[in-house]
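# Structural description and commentary
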Amino acid sequence: MEKVNFRTQVLTRHLQDNHRVAATATATAISSSPCLSYTPPEVSEQPSSFDVNSMRKLMDGHNLEDRDWLFNLMIQSRLFNPKLRGGKVFVVPDYNQSMEQQREITMKRIQYLLDHGVFEGWLTRKGFEAEMRKLALLEGGAVQFFGTKRHHDRWLGATENYLIKGCFSMTELGHGSNVRGIETITTYDSKTGEFVINTPCESAQKYWIGGAANHATHTVVFSQLNIDGKNEGVHAFITQIRDEDGNVCPNIRISDCGHKIGLNGVDNGRIWFDNVRIPRENLLNSVADVSPDGKYLSAIKDPDQRFGAFMAPLTSGRVTIAVSAIYSAKISLAIAIRYSLTRRAFSIAPNAPEVLLLDYPSHQRRLLPLLAKTYAMSFAGNYLKQLYVKRTPQLIKTIHVVSSGFKAILTWHNMRTLQECREACGGQGLKTENRIGQLKGEFDVQSTFEGDNNVLMQQVSKALLAEYVAAKRKNKPFKELGLEHMNKPCPIIPSQLTVSSARSAQFQNDIFCLRERDLLNRFAAEVSRYQAQGESKESAFIASYQLAEDLGRAFTDRAILQTFMEAENNNILSLLRSMYVLVTLDEDAAFLRYGYLTTENAATVRKEVAKLCSEIRPHALALVSSLGIPDAFLSPIAFDWVAANSWSTVQN
């Protein structure tokens, strides 16, 4: 007991001494550290060397007035749930709504935008400007592109005015990316002049059909077409699924897909067709038709070419997804970077003020390379839109390959950016009102929507291989898909990179072209080797999936870089372009794996990325301001987060 008492006395004195020291330190800290206050970055940051408005015009590319008009329409309506936080109004979702309430408010918002002319001409107007305004349209475009004048006259005006609420029934429970394998069957009854659509098994039920669960009145059904016992492949048919009162039509069954991790304002549904009869004229016949007496008619005799022509219009979906993904990345970066320009943490010297988050090199490394990539991919998105709007039959293949690669890379980039921005905002990133976490849930679907990203990248590689084989077989130069650089001598990379050479556009273009050229040669050789061992072409391609994935990324990165170089018009963009390239070299193991960079040059690249972060840092505020996102579409932590969280904002 004496030992116990002794130890107790020692511990007591120790705790009392620590308490006195802690109390003294706390008093000193409180007296020397007044309460934090918010200083707008526009006040604390130095003016940038470039004009924000000019940069925004370059970034957005087109229809700036239309964008701002739409933003203002949304801000003005209570349907978009404007809330006052910290002296500013923000347009935010109501996170307390049930799934059913979210769907109803979505319909009201659509009607509001319709009443104010947002959708005017999206389907019926022709010309370049009209095309640029309607790129966001997905389902209604099916009638326009797959159909002919008889369908346009009957359906487009009513769809544009929302008298007909359309949906797009392609995906099935058993088939998503493999559209050729869908199991819905349509036959033709020449006695009545009708098509008969049937769901033959449970795996053939249409699945994830946006708008089908509650509101759609009509759908475009993708189905195998059987004529006289012969399968003519996948075709599309307009089918009514609800009457004017919203009742499900006879021989059709519809069910809800249920709650999702995001996008619960969209009523995704499942559809079964039990021998549903529709008029012969409801076949969308831009590629093929069926005569009244049941003869199958098509100018394209080859089934593979016919299927390719039939699927070409679906490119619009990948275009809009790629562009919207980059817009989401812009929002998250604007929020996270603005927050990091006002939020402080830790001091690096006694009695010194705490350091701004974005003044830490590690924080710069987290966000500024993503900002540079977002700029690069914005230019890529603008190029993709132009390519799509100016499409010709000769460009169908190019549009398919480029849109596949861009959709995959841009949506992957968006999800990575959202996660990094969420973490960079700390606990505030968890709050739904600060939007980043909510955007993760809403945009996650894009990695698999309109084609699984991994499958799309393999399609890119397969198209490149076809170009390679054709050029080698005919002994002719490459002239498509941007492969013209392979007609030139192989680029030589400096054995020792310097600051100037690492930042030169010549080196950056050379190393991206070298990677694509070498991987295409390797991929072709590996596929050929498997075929020589008796494997089929498809089996050989599947077995070479690792090279296929590396090649798809190499093609897309090189294409993005070229769009950046074409848009580049000032010094800050040169810095961002160098950042985009060098951080790609730093992060993609392929450059070391295949020997395009030595370990010494890789170390040089890594150091240059850090230097570029410090050089881009003074321009951070101007760069996110140039993204053109109204304040109301950001979040409270992007502005006065102290006032937004003050006691006066608490709802009793």
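The preceding data block contains the structure.
Values in this document were obtained by computation on a predicted structure and should not be read as measured data.

## Focus on the side chain of histidine 62
Checked against the element boundaries, histidine 62 lands in the loop between helix H3 (52-60) and helix H4 (64-76). For histidine 62, a relative accessible area of 13% puts it in the buried group. Residues within four places of histidine 62 in sequence aside, it is in contact with Arg67, Met132 and Lys385.

## What to know about the packing of aromatic side chains
Applying the stated criterion across every chain, the model contains 15 aromatic pairs. Among the aromatic residues, those joined into a cluster by ring pairs are Phe512, Tyr580, Phe591, Tyr594 and Tyr596. Of note, lysine 462 hangs over the ring of phenylalanine 541, and the distance from its end group to the ring centre comes to 4.8 Å.

## A word on unusual backbone geometry
You will see that leucine 263, though not glycine, has its phi angle at about 55°, which is positive. Relative to the helices and strands, leucine 263 resides in the loop between strand S9 (252-256) and strand S10 (269-273). The phi torsion at arginine 435 lies on the positive side, around 75°, for a residue other than glycine. When you line up the elements, arginine 435 lands in the loop between helix H12 (396-424) and helix H13 (436-443).

## Points about helix H16 (residues 505-532)
Given a rise of 1.5 Å per residue, 28 residues ought to cover 40 Å, and the 40 Å separating the end C-alpha atoms of H16 matches this to within 8%. Count one or two residues on from H16 and you reach glycine 534, which has phi positive near 100°.

## Details of the pairing of strand S4 (residues 185-189)
For S4 and strand S5 (residues 194-198), the ladder comprises five bridges, and the chain directions are antiparallel. Each residue of the ladder has a partner; that of isoleucine 185, found in S5, is asparagine 198. Note that S4 and strand S7 (residues 218-227) share three bridges and pair parallel. Its bridge partner being in S7, isoleucine 185 is matched across the sheet by glutamine 224.

Calculation rules
- Residues numbered from 1 in each chain as written.
- Predicted model: local features only at pLDDT ≥ 70, side-chain atom pairs only at ≥ 80, totals over all residues.
- Heavy atoms only, no water.
- Helix = DSSP H or I, 4+ residues; strand = E, 2+ residues; numbered from the N terminus.
- Buried < 20%, exposed > 50% of the residue type's maximum accessible area, 1.4 Å probe, protein only.
- Contact = heavy atoms within 4.5 Å.
- Phe/Tyr/Trp six-rings, centres within 6.5 Å; stacked < 30°, edge-to-face > 60°.
- Lys NZ or Arg CZ within 6 Å of the ring centre and 35° of its normal.
- Expected span 1.5 Å × (residues − 1).
- Pairing = 2+ DSSP bridges.

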